Amino acid sequence: MSKIRILVVDDDAWILRMVTTVLEKRGYVVETACDGEEAYEKALSGEPPNLLITDVMMPNMDGWSLVKALRGKPDFAFMPVIFLTALGSDDDRIRGFRLGADDYLPKPFRFEELDLRVAKTMERVEAVEATARAAIA
């Protein structure tokens, strides 16, 4: 199996750098974008990422719009999404889950927690894919 590719989107350069460092230490291939528009273009060019981690409040295209636009594409309909955002109200979390988020982590957060949530999300995806392969065989 090829390495897991993660697209991380945030307009805060420090967050991008720190999240990238944490994920690369775990062996993930990380690509970054500074806003939803750039992330959308990167996601569509080349192999789709295995996971999207995105902020919500960003210039050009916010995280809500990014996820909605990607979910409208067949190649991204089931891509796992984790929102990583300062928007932490119940309504914001509900909106994220309604858009199809697999997880929602409000800022500020602990990098260890993000690491664990990414690992659990990818384990779940791998289990579903293994079950699907077994059903076909």
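To start, this report covers the structure provided alongside it.

On to the environment of T21. Along the polypeptide, T21 turns up in helix α1 (residues 13-25). When the C-alpha positions of T21 and F111 are compared, they lie 9.9 Å apart, and in sequence the two are 90 residues distant.

Before going further, it helps to examine the pattern of salt bridges. Pairing between side chains of opposite charge can happen when their charged atoms approach one another. One pass over the structure, following the stated rule, counts eleven salt bridges. The closest approach of N and O atoms between E112 and R110, which form a salt bridge, is 3.0 Å. Residues joined by salt bridges that share partners form a network here, namely D10, D55 and K107.

Bringing the pairing of strand β1 (residues 5-9) into the picture now. The element β1 is largely enclosed, with a buried count of five among its five residues. Taking every second residue as pointing to the same face, both faces of β1 are buried, with R5, L7 and V9 on one and I6 and V8 on the other. Across five bridges, β1 lies against strand β2 (residues 29-33) in parallel orientation. The partner of V9 across the bridge, within β2, is A33.

This part covers the packing of α1 against helix α5 (residues 111-136). When two helices pack together, their arrangement is captured by the angle between the axes and the distance separating the axes. As a packed pair, α1 and α5 sit with axes 10 Å apart at the nearest point and diverge in direction by 55°. Relative to α5, the element α1 is oriented oblique. The two elements α1 and α5 meet at a crossing, and its hand is right-handed. In contact with W14, M18, V19, V22 and L23 of α1, α5 contributes F111, L114, D115 and V118. For the contact of α1 with α5, the residue count by class is eight nonpolar, no polar and one charged.

Attention shifts here to the sheet that holds strand β3 (residues 51-54). Judged by pairing direction, the sheet is parallel, and its five strands sit side by side in the order β2-β1-β3-β4-β5 without closing on themselves. Each edge of the open sheet carries a strand with a single partner, namely β2 and β5 (103-106). Between one strand and the next, the sheet's axes are offset by a mean angle of 15°, whatever the strand orientation. Bridge analysis of β1 against β3 gives four bridges, and the strand direction is parallel. Across the sheet, residue V8 finds its bridge partner in β3, namely I53.

Glancing now at the packing of aromatic side chains. Within the structure shown, the criterion is met by five aromatic pairs. Here the aromatic rings of F97 and Y104 are separated by 6.4 Å at their centres, their planes lie at 45°, and the arrangement is tilted. When its relative accessible area of 4% is taken as the criterion, Y104 is described as buried. Here the aromatic cluster, defined as three or more aromatic residues joined through ring pairs, consists of W64, F83, F97 and Y104.

Cut-offs and rules
- Residues numbered from 1 in each chain as written.
- Predicted model: local features only at pLDDT ≥ 70, side-chain atom pairs only at ≥ 80, totals over all residues.
- Heavy atoms only, no water.
- Helix = DSSP H or I, 4+ residues; strand = E, 2+ residues; numbered from the N terminus.
- Salt bridge = Lys/Arg side-chain N within 4 Å of Asp/Glu carboxyl O.
- Buried < 20%, exposed > 50% of the residue type's maximum accessible area, 1.4 Å probe, protein only.
- Pairing = 2+ DSSP bridges.
- Axes fitted to C-alpha atoms, helices over the stretch in contact; angles between N-to-C directions.
- Parallel < 35°, antiparallel > 145°, perpendicular 65-115°, else oblique.
- Left-handed = near helix turned anticlockwise from the far one by under 90°.
- Contact = heavy atoms within 4.5 Å.
- Nonpolar A, V, L, I, M, F, W, Y, C, P; charged D, E, K, R; others polar.
- Phe/Tyr/Trp six-rings, centres within 6.5 Å; stacked < 30°, edge-to-face > 60°.

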